[in-house]
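A closer look at the structure
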Amino acid sequence: MSSDSPTSVKILNLERASNFMRQFRDPDSRELKKLSANQFMEVWSHYDRDGNGYIEGTELDGFLKEFVSSANFTDISPDAVSDSMLVELKACFMEAYDDNQDGKIDIRELAQLLPMEENFLLLFRFDNPLESSVEFMKIWREYDTDGSGYIEADELKNFLRDLLKEAKKINDVSEDKLIEYTDTMLQVFDSNKDGRLQLSEMAKLLPVKENFLCRQVFKGATKLTKDDIERVFSLYDRDNNGSIENEELRGFLKDLLELVKKDYDAQDLLEFEETILQGVEYSSEGKISRKQLTMILLALAKHNQEDDVIP
């Protein structure tokens, strides 16, 4: 049988596919090679098989087995990693890389683990996550220049360029590289594959430190105090003018919307705003007071408490 017969090619491909991570290691040192943006995307897509934005469960087991066994000089099967080794490995690995301790690996956490082009890596390593969704909505308004309710490819490219400029790396990035980065970021974060980022997709690219409304106190487990309400009010009233308005209001509503809907766009936010504000005797001034915020938070805590007692 000749070496280029279809059968031998198929066997070679199968051997190469047996451990996806081996191709990204140096054959002599077994160290991971520096990944390009496209290679990082290949790794992410390969292991996030269901495309839900996380490597978890059996996906995570498969990744860890291949990651470890690919470091061997001899081409051993990933299955050589025993179940007991896997348990220990997963515990160590998650302690080191699972920053938010949710038991799964997201795109940023994987970016910490794999060596990549420095500039591309910077796009995943914001030294300071946004304080709140108010800042997020200000950035959204700044880059959604056509007001379409989406961040299109050219707008995303402008955002990434400014992000790299802020990190003082822009001189190292050619226009071609910037296009490659934009394309890769779209592939990673554009879950519904419509070629642009909606609100919930951009929120994954540009995360906030914490959605304060996810705290236990708003789930009805403990009594909501005046201090709790004051903390929420000051979190969103960024200019301290005594009311929540404009981006402050949209940031608050975005956080509220995230509690009930995983995938959402600007139209969802607009409809949600109308629904919520109608329930709190909303004035036409486009702002909410402490009293109105209190009504919303008490309704949220009560609703969550009722959900908990439903059998």
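If you're wondering where the values come from, they're calculated on a predicted model, not measured in any experiment.

Observations concerning the overall build of the protein chain
- Looking only at helices and strands, one finds 14 helices and 4 strands in the protein chain.
- Here the protein chain, with 311 residues, has 44% of them falling under the buried criterion.
- The long-range share in the protein chain, meaning contacts at least 24 apart out of those at least 6 apart in sequence, stands at 60%.
- Put simply, the protein chain shows about 17,000 Å² of open surface, and 50% of that area lies on carbon and sulfur atoms.

Some remarks on the environment of Lys-138
- Topologically, Lys-138 is positioned in helix α7 (residues 133-143).
- Judged by relative accessible area, which is 39%, Lys-138 ranks as partly exposed.
- C-alpha separation for the pair Lys-138 and Arg-250, spaced 112 residues apart in sequence, amounts to 9.4 Å.

Structural notes on the layout of surface pockets
- Of the pockets and cavities examined, the largest pocket occupies roughly 1,500 Å³.
- Contributing to the lining of the largest pocket are 46 residues, with Tyr-54, Asp-106, Ala-203, Lys-204 and Pro-207 lying nearest its centre.
- If you list the elements that add at least two residues to the lining of the largest pocket, you get α2 (37-47), α5 (107-113), α9 (175-189), α10 (199-205) and α12 (247-260).
- Its residues assigned to classes, the lining of the largest pocket comprises 17 nonpolar, 12 polar and 17 charged.

Regarding the pattern of salt bridges
- Applying the stated criterion across every chain yields a total of 16 salt bridges.
- Notably, a salt bridge pairs Arg-161 with Glu-175, separated by 3.2 Å at the nearest N-O pair. Here Arg-161, found in helix α8 (residues 153-166), pairs with Glu-175, found in helix α9; they are 14 residues apart in sequence, far enough to count as distant.
- Residue class for Arg-161 comes out partly exposed when judged on its relative accessible area of 22%.

Focus: α7
- Buried within α7 we find Ser-133, Val-134, Phe-136, Met-137, Ile-139, Trp-140 and Tyr-143.
- Sitting at the head of α7, Ser-132 places a side-chain oxygen 3.1 Å from the backbone nitrogen of Val-134.

Comments concerning α2
- Within the sequence span of α2, burial applies to Ala-37, Phe-40, Met-41, Val-43, Trp-44, His-46 and Tyr-47.
- Those residues of α2 that are buried are in contact with α3 (58-69), α5, α6 (118-122) and α9.

Let's talk about the nonpolar core
- By size, the foremost hydrophobic cluster in this structure holds 84 residues, and its most contacted members are Phe-40, Phe-63, Leu-110, Phe-136, Phe-159 and Phe-252.
- Setting aside anything within four residues of it in sequence, one finds Phe-40 in contact with Leu-35, Ile-107, Leu-110, Ala-111, Leu-114, Met-116, Phe-120 and Phe-124.

Quick notes on the environment of Thr-225
- Among the structural elements, Thr-225 can be located in the loop between α10 and α11 (226-236).
- You can call Thr-225 partly exposed: its relative accessible area is 37%.
- Each C-alpha atom of the pair Thr-225 and Leu-298 lies 9.9 Å from the other, and the pair is 73 residues apart in sequence.

A look at the packing of aromatic side chains
- With the rule as written, the count across this model stands at 13 aromatic pairs.
- Their ring planes at 35 degrees and their centres at 5.5 Å tell us that Phe-63 and Phe-67 sit as a pair that is tilted. Of this pair, Phe-63 and Phe-67 both sit in helix α3, 4 residues apart, which is roughly one turn of the helix. Phe-67 shares its class with Phe-63; the two are buried.
- The rings of Phe-20, Phe-24, Tyr-47, Phe-63, Phe-67, Phe-93 and Tyr-97 are connected pair by pair, giving a single aromatic cluster.
- Over the aromatic face of Tyr-54 sits the side chain of Lys-104, whose NZ or CZ is 4.1 Å from the ring centroid.

Details of the side chain of Gln-198
- Along the chain, Gln-198 turns up in the loop between β2 (196-197) and α10.
- On the accessibility criterion, Gln-198 (9% relative accessible area) is buried.
- There is a polar contact of 3.5 Å between the side chain of Gln-198 and the side chain of Asn-192.
- One polar contact links Gln-198 to Ser-200, side chain to side chain, over a distance of 3.0 Å.
- Excluding anything up to four places from it in sequence, Gln-198 contacts Trp-140, Tyr-150, Asn-192, Asp-263, Tyr-264 and Asp-265.

What counts and what doesn't
Residues numbered from 1 in each chain as written. Predicted model: local features only at pLDDT ≥ 70, side-chain atom pairs only at ≥ 80, totals over all residues. Heavy atoms only, no water. Helix = DSSP H or I, 4+ residues; strand = E, 2+ residues; numbered from the N terminus. Buried < 20%, exposed > 50% of the residue type's maximum accessible area, 1.4 Å probe, protein only. Contact = heavy atoms within 4.5 Å. Areas by Shrake-Rupley, 256 points an atom, 1.4 Å probe, with all protein chains shown as cover. 1 Å grid on protein atoms, 1.4 Å probe; cavity = no way out; pocket = protein on both sides within 12 Å on 5 of 7 lines; lining within 4 Å. Points joined across faces, edges and corners; volume = space filled by probe spheres on them. Nonpolar A, V, L, I, M, F, W, Y, C, P; charged D, E, K, R; others polar. Salt bridge = Lys/Arg side-chain N within 4 Å of Asp/Glu carboxyl O. Polar contact = N/O pair within 3.5 Å; in protein donor to acceptor, adjacent residues only side chain to side chain. Core = buried A, V, L, I, M, F, W, Y, C linked by side-chain atoms within 4.5 Å. Phe/Tyr/Trp six-rings, centres within 6.5 Å; stacked < 30°, edge-to-face > 60°. Lys NZ or Arg CZ within 6 Å of the ring centre and 35° of its normal.

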